[in-house]
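Given next are the chains, with one letter for each unit.
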Amino acid sequence: MDVLLFCNIYFVSGFRFPARPACTTLCFHRSIGLQTEACVKSCISKKSSVSKYPSECVEPITSFRRRPFKWHCSSSGAVMTSKSEEVSNSVLVGNEKVGVLLLNLGGPETLDDVQPFLFNLFADPDIIRLPRLFRFLQKPLAQFISVVRAPKSKEGYASIGGGSPLRRITDQQAEELRKSLIAKDVPAKVYVGMRYWHPFTEEAIEQIKRDGITKLVVLPLYPQFSISTSGSSLRLLEGIFREDEYLVNMQHTVIPSWYQRQGYIKAMANLIEKELQKFECPEKVTIFFSAHGVPLAYVEEAGDPYKAEMEECIDLIMEELEKRKIRNAYTLAYQSRVGPVEWLKPYTDETIIELGKKGASLLAVPISFVSEHIETLEEIDVEYKELALKSGVQKWGRVPALGCEPTFISDLADAVIESLPYVGAMAVSNLEAHQSLVPLGSVEELLAAYDSKRGELPPPVIVWEWGWTKSAETWNGRAAMLAVLFLLVLEVTTGQGFLHQWGLSLLP
Ligand SMILES: C=CC1=C(C)c2cc3[nH]c(cc4nc(cc5[nH]c(cc1n2)c(C)c5CCC(=O)O)C(CCC(=O)O)=C4C)c(C)c3C=C
Ligand SMILES: [Fe+2]
């Protein structure tokens, strides 16, 4: 059986995030992203007719209270700096030192890094999710898949200069954010913590401890929340926090997603507007949003808010463009699927072919990530462009990733500043409640907040259905795994199993 298929069965069967009642603190914090009003507005005023995705909307959270406030450097009004390098990069509110932790994916810096990077990625239980009973297989499986996939990935990285630009760009973003915060009278030290490659999140945390940071804002560099990206990084962080005495006492807060922020939306609209001008007839161009995909089961079974946030984000960008009298056709598709299971649809390649048949001109907009990376530089700029031109697309263009675009960086700084008054507010109550130490609760609670309407998530497989159905596939997969496990145990304990009979005994 294809190993990826085998694993992907458990993308379906393994996921379950028990929903808990949405807590007010979670919703409250979402005010940093100005989520609810914007969402309702965008749902009411969907004017564009060519959107290919269902026009549903994230349910506004009823317990939300917008608390209008203006950031004052501290309640005492004092922002203290010191001459020492360590302290000069930190804001002291009273005696507190402030840090910002940017979370990102990380990428291989050389071709030799590719396989170990892939191993780290596939060893992540939020990327390949095995049921508890089979967790011991996570690392061997990750080893196998990473070795099998490495040659293809290496080709891609070789074609973009032999490594990922992610570390360089994220470091630049961190530096620009630091400068922007200083310019806004909020000096803070900015750290980068990658999930799958250097500098690892653990390394960033060690530095945070060495620097004696006492107030931390955690900011995933993904505009939209997904279990597989921000969720995975937050889960890791939660584990680190739980086991560390220093971190237990450090006040912190998390900005889980920020796609709805005005500054981000405006920055995206600016880039799109500028690229459209490069076409002969800008108004005839279809704006083609291409988001990184996730397996469908993440959204349908696990309640990942990623798809809903993506759609809302695009509505907000189109509304902003409309205000500028730009009323182009637009569409959203999902790219970069891995393995044979169903991912979010429509797929980018299939959509390009469809639009090519109509002779459209396309402006590709990478939407789920804020730096250039292998999937913009290779997949979009080379593979999809080639496919587009071959399929009849008239003209092709691509909007650059945001990188260090000033409006965007300034908005990230504003998000950090707006979150500061809440740093620690939740950590204390969490501590008292002996709950998660990452504010906004655990990832499960975070998801529950996004999923407030449904209350309880349906189990992955509700009832048995006859025929070639998802439930049949899942249960067959589970039965097959159990049978293999049983036979292996038999083999090892008795030395008389099927391998022995075939002359392939595991025992000497
Ligand atoms: C929001 C962005 C991303 C989501 C969602 C996401 C989910 C996801 N990814 C994989 C598998 C792979 N991703 C790889 C690289 C990669 N992924 C993202 C972003 C998201 N992934 C980025 C920005 C990058 C590129 C990093 C870089 O080095 O430039 C790779 C490795 C590259 C390759 O071999 O294609 C894999 C594999 C899964 C399975 C998944 C959801 C479950
Ligand atoms: Fe990915």
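In the annotation of an unreviewed UniProt entry, the entry for the protein chain reads Ferrochelatase, and the organism field reads Acorus gramineus. Recorded in UniProt under Sequence similarities (unreviewed entry), the annotation for the protein chain is "Belongs to the ferrochelatase family." Regarding the protein chain, the relevant UniProt record gives this comment under Catalytic activity (unreviewed entry): "heme b + 2 H(+) = protoporphyrin IX + Fe(2+)".

As a further point, take the overall build of the protein chain. Counting its secondary structure elements, the protein chain contains 20 helices and 9 strands. By the burial criterion, 56% of the 508 residues in the protein chain qualify as buried. Considering only contacts in the protein chain between residues 6 or more positions apart, those separated by 24 or more positions represent 80%. A total accessible area of about 22300 Å² is found for the protein chain, and carbon and sulfur atoms account for 57% of it.

Around ligand 1 there are 28 residues in total, and Arg149, Ser153, Tyr157, Ser164 and His292 lie nearest to it. Between ligand 1 and the protein, one listed contact pairs a nitrogen atom with a side-chain N or O atom of His292 at 3.1 Å. Between ligand 1 and the protein, one listed contact pairs an oxygen atom with a backbone N or O atom of Ile374 at 3.1 Å. With the chains in place, 96% of the 810 Å² that ligand 1 exposes on its own is no longer accessible. For the shell around ligand 1, the secondary structure elements donating two or more residues are α5 (114-122), α6 (138-159), α9 (227-242) and α15 (374-391).

The next subject is helix α14 (residues 348-357). For α14, every residue scored as buried is listed here: Thr348, Thr351, Ile352, Leu355 and Gly356. Buried residues of α14 fall within an arc of 140° about the axis and therefore sit on the same side.

What follows is about the nonpolar core. The biggest cluster of nonpolar side chains holds 64 residues, and the ones touching the most others in it are Leu181, Tyr264, Ile272, Phe289 and Ile367. Counting residues in each nonpolar core, the second largest holds 22 residues, with Phe119, Phe122, Leu130 and Met481 among its members.

One pass over the structure, following the stated rule, counts 6 aromatic pairs. Judged by centre distance (5.7 Å) and plane angle (50°), the rings of Tyr222 and Phe369 are tilted. One end of the pair, Tyr222, is in the loop between β4 (215-220) and α9; the other, Phe369, is in the loop between β8 (361-366) and α15, and 147 residues separate them in sequence. Pairwise contacts between aromatic rings join Trp258, Tyr264 and Phe408 into one cluster. Lying over the aromatic face of Tyr347, Arg337 brings its terminal NZ or CZ to 3.7 Å of the ring centre.

A sheet is described by the order of its strands in space; here 4 strands give the open sequence β7-β6-β8-β9, paired in parallel fashion. A strand with exactly one partner marks an edge of an open sheet, and here the two such strands are β7 (330-335) and β9 (396-398). Adjacent strand axes in the sheet meet at a mean angle of 25°, parallel and antiparallel pairs treated alike. Bridge count for strand β6 (residues 285-292) against β8 is 6 bridges, and the pairing is parallel. Across the sheet, Val285 pairs through a bridge with Ser361, a residue of β8.

The next subject is the pairing of β7. With 6 of its 6 residues buried, β7 lies for the most part within the structure. Of the two faces of β7, the one lined by Tyr330, Leu332 and Tyr334 and the one lined by Thr331, Ala333 and Gln335 are each fully buried. By the bridge criterion, 6 bridges tie β6 to β7 in an arrangement that is parallel. Paired with Phe289 across the bridge in β7 is Leu332.

Within the element layout of this structure, Asp112 appears in the loop between β2 (96-104) and α5. With 222 residues separating them along the chain, Asp112 and Tyr334 place their C-alpha atoms 29 Å apart.

Relative to the elements of secondary structure, Pro108 occurs in the loop between β2 and α5. Non-local contacts of Pro108, meaning those with residues more than four positions away in its chain, are made with Asp113, Val114, Phe117, Tyr157, Gly163, Ser164 and Trp197.

What follows covers the pattern of salt bridges. A complete count under the given rule lists 23 salt bridges for this structure. Lys209 serves as the salt-bridge partner of Glu206, at 3.5 Å between the closest nitrogen and oxygen. Highlighted residues: Glu206 and Lys209, both in helix α8 (residues 201-210), separated by 3 residues, approximately one helical turn. Given a relative accessible area of 37%, Glu206 falls into the partly exposed group. We note a salt bridge from Asp411 to Arg261, for which the minimum N-O separation is 3.1 Å. Taken as a pair, Asp411 in helix α16 (residues 406-419) and Arg261 in the loop between β5 (251-254) and α11 (262-276) lie far apart in primary sequence, 150 residues in all. Judged by relative accessible area, Asp411 falls into the buried class, the value being 7%. Because the salt bridges share partners, they merge into one network encompassing Glu273, Glu320, Lys323 and Arg324.

A word on unusual backbone geometry. With an omega dihedral of -10°, the bond running from His198 to Pro199 counts as a cis peptide bond. Mapped onto the secondary structure, Pro199 falls in the loop between β3 (189-194) and α8. At the junction of Lys345 and Pro346, the peptide bond is cis and its omega measures out at 0° in the coordinates. With respect to the secondary-structure elements, Pro346 resides in the loop between β7 and α14. Despite not being glycine, Asp185 has its phi angle at roughly 65°, a positive value. The residue Asp185 is located in the loop between α7 (166-183) and β3 in this model. Since its relative accessible area comes to 54%, Asp185 is described here as exposed.

Here we come to α15. The principal kink in α15, of about 35°, is found at Ile380. Turning to α15, the residues buried within the fold contact α6, β6, β7, α14, β8 and β9. Gly392 sits one or two positions beyond α15 and adopts a positive phi of about 105°.

Rules used throughout
Residues numbered from 1 in each chain as written. Chains lettered and ligands numbered in written order. Predicted model: local features only at pLDDT ≥ 70, side-chain atom pairs only at ≥ 80, totals over all residues. Heavy atoms only, no water. UniProt positions renumbered as here; feature names shortened; annotations may be inferred. Helix = DSSP H or I, 4+ residues; strand = E, 2+ residues; numbered from the N terminus. Buried < 20%, exposed > 50% of the residue type's maximum accessible area, 1.4 Å probe, protein only. Contact = heavy atoms within 4.5 Å. Areas by Shrake-Rupley, 256 points an atom, 1.4 Å probe, with all protein chains shown as cover. Near = heavy atom within 4 Å. Polar contact = N/O pair within 3.5 Å; in protein donor to acceptor, adjacent residues only side chain to side chain. Arc of directions from axis to C-beta. Core = buried A, V, L, I, M, F, W, Y, C linked by side-chain atoms within 4.5 Å. Phe/Tyr/Trp six-rings, centres within 6.5 Å; stacked < 30°, edge-to-face > 60°. Lys NZ or Arg CZ within 6 Å of the ring centre and 35° of its normal. Pairing = 2+ DSSP bridges. Axes fitted to C-alpha atoms, helices over the stretch in contact; angles between N-to-C directions. Salt bridge = Lys/Arg side-chain N within 4 Å of Asp/Glu carboxyl O. Bend = angle between axes of the 7 residues up to and from the residue.

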